[in-house]
Each structure stands twice: as C-alpha cells, then as structure tokens.
Amino acid sequence: MALLEMKHIVKEYPNCKALNDVSLSVEPGETVAIIGPSGSGKSTLLRCVNCLVRITSGEIELDGKIFASSNPESMVGDRKGAQIADKSGNTEAQYLPEKQLKEAVCETGMVFQHFNLFPHMTCLENITYAPIKVKGIDRAKAVSRGEELLALVGLSAKRDEYPGRLSGGQKQRIAIARALAMDPDVMLFDEPTSALDPEITGEVLSVMRQLSDANTTMIVVTHEMGFAKEVADRVIFMNEGRIVEEGTPKEIFEAPKSVRLKEFLGAMLKA
Amino acid sequence: MEYFSLILPSLLRGTVISIELFVATLIFALPLGLPIALGENSKVAPVRWFCKGFVYVFRGTPLMLQLFFFYFFFPIYLNIRWNAFPVAVLTFVLNYSAYFAEIYRGGIKSIGAGQYEAAHSLGLSKWQTFKDVVLPQMTRIVIPPVSNEVITLVKDTALASCIALADLMRVAQSTVNRDGTLTAYIIAAGIYLIFTAIATVVLGKMEDRYSKYEEVA
Ligand SMILES: Nc1ncnc2c1ncn2[C@@H]1O[C@H](COP(=O)(O)OP(=O)(O)OP(=O)(O)O)[C@@H](O)[C@H]1O
Ligand SMILES: [Mg+2]
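Residues numbered from 1 in each chain as written. Chains lettered and ligands numbered in written order. Predicted model: local features only at pLDDT ≥ 70, side-chain atom pairs only at ≥ 80, totals over all residues. Heavy atoms only, no water.

A. Structural detail: the overall build of chain B. Helix and strand counts for chain B come out as eight helices and zero strands. The linear arrangement of helices and strands in chain B, starting from the amino end, is α-α-α-α-α-α-α-α. Oriented by its inertia axes, the alpha-carbon framework of chain B measures out at about 70 × 50 × 20 Å. Counting every atom, chain B has about 11,600 Å² of accessible surface; 69% of that belongs to carbon and sulfur. Taken together, the 17 basic and 14 acidic charged side chains of chain B have centroids lying 7 Å from each other. (Helix = DSSP H or I, 4+ residues; strand = E, 2+ residues; numbered from the N terminus. Areas by Shrake-Rupley, 256 points an atom, 1.4 Å probe, with all protein chains shown as cover. Lys, Arg positive; Asp, Glu negative; His and termini not counted. Charge placed at Lys NZ, Arg CZ, Asp CG, Glu CD.)

Laid out in structure tokens, this is it:
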C-alpha cells in the first residue's frame, strides 16, 4: 500500500492555478525526485503534503489516513469530504480538525531551501525541541537520539554551537537532523542545496544519499540533475501545475518523451 | 560646598521619586506593550482598531498634555482625588506602552515566514511558536530600540514635575527659584547623567548577552 496518496490535487490562488489535477503516489522506502522549471508548482505540491498549503480540491492520504479531501464519498476523520468556501470566497477541501491534522503533519519532515533553523537555539536544542515539546518524549531520550542524529549528519562537534556560527552546508545538515528527530514517515526536501555554494552541496547530498540508501521515504524537489539521476527511484517532471512525465531516472533522462521535458533538460545541461 | 551639602538631601529625595516613577513605568509598560502589539495584528477587527487607535493617540500627543489630562480627569469627571505620583505612573505607563508596542510590532514583523513554516512543520502549537520561537527572537531584535526609549525615559520623568510631582526636576527648580543660583540645576544634571550612564551600561550588557547567537556572516 502506498504511504502517500495524492489524488487530483488542485491548488488555486486568486490569480493562478499552481496545481492543476496532480496525482502522485509514493511507496514506503521510495525516493522520488521532482524536477521542473520555476513556477511549475513543485514547492506547492510538496507543501500540500505537510499542510503549509491547503488544497482547493482533491484528496491526500498519508499512512492510510485521509487528512484532506473534497470527495463526498471519502471520510476525513468522522466528516465527509467536501469543498468549503470561506468568507473571502476561497475554497478548500475538508481537512481534519486542527489536533488530528497536527498528527499528520508530524508524520512529515520538511527541509527548506533556507534551512529555517531556530537561531536562538543551539544545534542540539534545534533537534530536540519538537520531540520533547510536541511529542512529549523524555528529555534524556531525546538528547541521546539527537546526538545520534548529529553523528549521522557528521556534526557531533557542533552540538552546542548556535546555527549562526555554521556554514550553509552545516546548517542544512542540522535542519535534516531536526526533521529526522520527529521520526517522520516521509521526508520532504524543497531545493535543499539551492542556497548553497556549489562546492558544498556535496556534503548535504551525501547525507541525503545515505538516507535514501537506508530506505527513508523521501520526496525531493531539486535542480541537481546528478542527484536525481543517481539516487531517485522515480523522477517526476512538472510543468505549469501538472505532472507532464514520470518514470525511472533512465526513462526521464535518457529517453524523454515530451517536448517540454526535452527542452527543460536541454536548458539544464547548458547551465 | 556648604550650600552643596545643604541642598543635596532634598535633591536626593527628589531623585528617589524620579527613580520610583522610572521603575514603575518600566515594570508595567514593558509587558503591557506586548498584548498591544499583538492586538495591532489581531484578526478581530475591533481589537485591532482599539490597539492601533491607542498607539496612535498616545504616540501622537504630547506626554505633557497627557499628564495634565489625567491629572484633572479624575477629580473633574470621576470626583476622585489622585496624588501626582499615581497619575504620573498611569500616564507614563500608557504612553510608554504605546511606544514599546510599536517597537515590539516591528520586531515581530521582522521574523521571517520561514520560522513560522519550520514551527508548523515540526507540529508546534501557536502558543509554542509564539513563546519559544517568536518571543526570544523578538526580544533580541528589540533590545537596541527599547534601550533608546529607556534612556529617553530617564529624562522624560522630569516632565512629571509639571503636575507638581516632587521629583528631582521639581526640587531642583524650586531650589533655583528660592536661592537664585543655578547650582541645583547643575547637580540635577549630574544626577541625570549618572543614571543615563548606568542605564546605558546595563542595557549594553543585556544586548551582549542576547547577541550570543547572532549571525556572524
Ligand atoms: N502564496 C501564493 N500566492 C499566490 N500565488 C502563489 C503563491 N505561492 C505560489 N504561487 C504561484 O504558484 C505557482 C507555483 O509556485 P511554486 O512555488 O510551487 O513553483 P516552483 O515550481 O516551486 O518554482 P521554483 O522552482 O521557482 O521554486 C507560481 O506561479 C507561483 O507564482
Ligand atoms: Mg519552489
């Protein structure tokens, strides 16, 4: 059974349709890379998974539980799926109530382009805050797990350092550790290396490669074609709010079918 | 020298009152500014309007006018007699909380959307996000502008002398009027300077303490 099942997702903004009938299903342990030109809806799709963006219509099921749906035949918790219009005329799908939705959000770990570490907490505190305060895990346990994660990303020495003292690559590795600390079912990466100098993207990519090898379920929005080619089990190409083509890295990079993908890959190679 | 020791005790008594006003203002206005700042961003329109109106009025009118207003307001409209000191504290607290609210609001606004997104993704509640993510970062950001206001407050307390509060300024003034020499002013100036210096040092220390996590980019 798929771990994540997104069906016919539409996300409309007042002036544009960021996602236009996107369906995506991710199996446990799979690494999915999403590529596509700027503005094609990659970030929006990823952010729908952890509810930073609320869908206009469609259905999202994570771990066998539907947390948002506009389909009246589906049950969202104990409510029927529906499309709900608010006062300002925006429509969104029926979502689980706040508390249950948070449980779903906690099953996803997000890594941002600009890290978004908490600057007033040390690296270890960044990693242990949510497990302790949100999940209610015992402090000693959270700390020892935090130390394991620091070791995993190769930054044990930075345990008590503040993020302001770290390089970009180090910050991103701490951000990955922070997301992993919640033990999410799926890790979401939104251009994790785009804000980094080219010579230090490698250290972040190698951590991600390790995670992928350890069968972490990952969805990675990336401009690193090399990473998509070598690490992803499946590559998805998006354009103008739709999935235009998907397949194995081999299929996508060596035998692209659509004109748009060929153009895109051509432009990426030149860059 | 003899004259100096003659007038010093009364000046010091005035100083104590000035300090009391200063401390009382900070104790109440520093925290009060926060709910007002949050109210200014509230989704509930009446709350937002009230808080914005409050800030607009108290920052937009002279502190001296506010002092006179409250000094006469209680006896004339409510038929209650208030001493100068509580009136001065009330007025300063309202006035300064409006200034602090504006500073806090700016501090909260300067915290990037990414921090809220990270907090959301980790499942933090609104309250946890405010208390443990927004508030500590806001505190760090607002220390320099708050410090400026605190130092201004040292001097602003002198305005309370206009409603007959026996503070340092008023004592100095009446001494000068009585004796016809400016010595009392000079001593008062010295005392204000000492307090400004102390405030500057203490606030500088706080700033250092909070800047330990600053970006060293
Ligand atoms: N909050 C928003 N309000 C209005 N429009 C938005 C908003 N967020 C995204 N959009 C629009 O939705 C579309 C998809 O944006 P999205 O950020 O998902 O693209 P992307 O593929 O991640 O691009 P990039 O590679 O530049 O990050 C864009 O046209 C964008 O302008
Ligand atoms: Mg994006």
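B. Main features of the packing of aromatic side chains. Under the counting rule described, the total for this entry stands at 16 aromatic pairs over all chains. Aromatic side chains Phe 92 of chain B and Tyr 96 of chain B sit 6.4 Å apart centroid to centroid with 10° between the ring planes, which places their arrangement in the stacked category. Of the two residues, Phe 92 of chain B and Tyr 96 of chain B are both situated in helix H4 (residues 84-109); the distance of four residues between them amounts to about one turn of the helix. In this pair, the class of Phe 92 of chain B matches that of Tyr 96 of chain B, namely buried. Positioned over the ring face of Tyr 95 of chain A is Arg 54 of chain A, at 4.3 Å from the centre of the ring. The lysine or arginine in question, Arg 178 of chain A, covers the ring of Phe 118 of chain A, its NZ or CZ lying 4.7 Å from the ring centre. (Phe/Tyr/Trp six-rings, centres within 6.5 Å; stacked < 30°, edge-to-face > 60°. Buried < 20%, exposed > 50% of the residue type's maximum accessible area, 1.4 Å probe, protein only. Lys NZ or Arg CZ within 6 Å of the ring centre and 35° of its normal.)

C. Main features of the site of ligand 1. All names here are of chain A. Around ligand 1, a shell composed of 13 residues is seen, among which Ser 38, Gly 39, Lys 42, Ser 43 and Thr 44 lie nearest. Here an oxygen atom of ligand 1 and a backbone polar atom of Gly 39 are 2.8 Å apart. Residue Ser 43 places a side-chain N or O atom 2.7 Å away from an oxygen atom belonging to ligand 1. Relative to its unbound accessible surface of 630 Å², ligand 1 loses 60% to contact with the protein. Among the secondary structure elements, those contributing two or more residues to the shell around ligand 1 are strand S2 (16-26) and helix H1 (42-49). In terms of residue class, the shell around ligand 1 is built from four nonpolar, seven polar and two charged. (Near = heavy atom within 4 Å. Polar contact = N/O pair within 3.5 Å; in protein donor to acceptor, adjacent residues only side chain to side chain. Nonpolar A, V, L, I, M, F, W, Y, C, P; charged D, E, K, R; others polar.)

D. Up close: empty space enclosed by the protein. Summed over the entire model, instances satisfying the criterion amount to one cavity of 30 Å³ or more. A volume near 40 Å³ is recorded for the largest cavity. Considering the residues around the largest cavity, the lining is formed by Gly 109, Met 110, Phe 112, Ala 175, Arg 178 and Ala 179 of chain A together with Ala 118, Ser 121 and Leu 122 of chain B. When residues of the lining of the largest cavity are traced back to their parent elements, those giving at least two are strand S10 (108-111) and helix H5 (168-180) of chain A together with helix H5 (113-121) of chain B. (1 Å grid on protein atoms, 1.4 Å probe; cavity = no way out; pocket = protein on both sides within 12 Å on 5 of 7 lines; lining within 4 Å. Points joined across faces, edges and corners; volume = space filled by probe spheres on them.)

E. Region of interest: the state of the cysteines. Residue and element names in this part refer to chain A. Going through the model one piece at a time under the given rule, you end up with zero disulfides over all chains. Among the cysteines around Cys 51, which has no disulfide bond, Cys 48 carries the closest sulfur, lying 8.6 Å off. We classify Cys 51 as buried; its relative accessible area is 7%. For the unlinked cysteine Cys 106, the closest cysteine sulfur is that of Cys 51, found at 10 Å. (Disulfide = S-S within 2.5 Å.)

F. Local environment of the pattern of salt bridges. Tallied over the full model, the rule gives 19 salt bridges over all chains. With a shortest N-O distance of 3.5 Å, Lys 7 of chain A and Glu 59 of chain A are connected by a salt bridge. Highlighted residues: Lys 7 of chain A in strand S1 (residues 4-13) and Glu 59 of chain A in strand S4 (residues 57-62), separated in sequence by 52 residues. The exposure class assigned to Glu 59 of chain A is buried, which follows from its relative accessible area of 5%. Across the pair Lys 131 of chain B and Asp 132 of chain B runs a salt bridge whose closest N-O atoms are separated by 3.3 Å. Lys 131 of chain B sits in the partly exposed class, given a relative accessible area of 33%. Salt bridges here are not isolated pairs; linked through shared partners, they connect Glu 30, Arg 234 and Glu 246 of chain A. (Salt bridge = Lys/Arg side-chain N within 4 Å of Asp/Glu carboxyl O.)

G. Molecular detail of the layout of surface pockets. Empty space within the largest pocket amounts to approximately 990 Å³. In terms of lining residues, the largest pocket is bounded by 24 residues, among which Glu 98 of chain A together with Tyr 116, Ser 125, Lys 126 and Thr 129 of chain B are the most central. It is helix H2 (residues 98-106) of chain A that provides the largest number of residues to the lining of the largest pocket, a total of five residues. A per-class count over the lining of the largest pocket returns eleven nonpolar, seven polar and six charged.

H. How the structure looks around helix H2 (residues 45-60) of chain B. Residues and elements named next belong to chain B. An ideal rise of 1.5 Å per residue puts 22 Å on 16 residues; H2 measures up with 22 Å between its terminal C-alpha atoms. Of the positions making up H2, those classed as buried are Cys 51, Phe 54, Val 55 and Phe 58. For H2, the angular spread of the buried residues around the axis is 90°, confining them to a single face. The outward face of H2, more than 90 degrees from its buried face, is lined by the exposed residues Pro 46, Trp 49, Tyr 56 and Gly 60. Elements in contact with the buried residues of H2: helix H1 (2-40), helix H3 (63-78) and H4. (Expected span 1.5 Å × (residues − 1). Arc of directions from axis to C-beta. Contact = heavy atoms within 4.5 Å.)

I. How the structure looks around the side chain of Asn 239 of chain A. Position of Asn 239 of chain A relative to the elements: it lies in strand S13 (residues 234-239). Residue contacts for Asn 239 of chain A: discarding those within four places in its chain leaves Pro 37, Ser 40, Val 244 and Arg 260 of chain A.

J. View of the interface of chain B and chain A. Between chain B and chain A, the contact holds 21 residues from the first and 26 residues from the second. Roughly 2,100 Å² of surface becomes buried between chain B and chain A when both sides are summed, with 58% attributable to carbon and sulfur atoms. Here Lys 133 of chain A makes a salt bridge to Asp 132 of chain B, at a shortest N to O gap of 3.8 Å. On inspection of chain B and its partner chain A, the count reaches nine residue pairs in polar contact (both at pLDDT 80 or more). Among the elements that take part in the side of chain B that touches chain A, H5 of chain B stands out by supplying seven residues, more than any other. Looking at side-chain class alone, the side of chain B that touches chain A contains eight nonpolar, eight polar and five charged residues. (Buried area = accessible area lost by both parts, 1.4 Å probe.)

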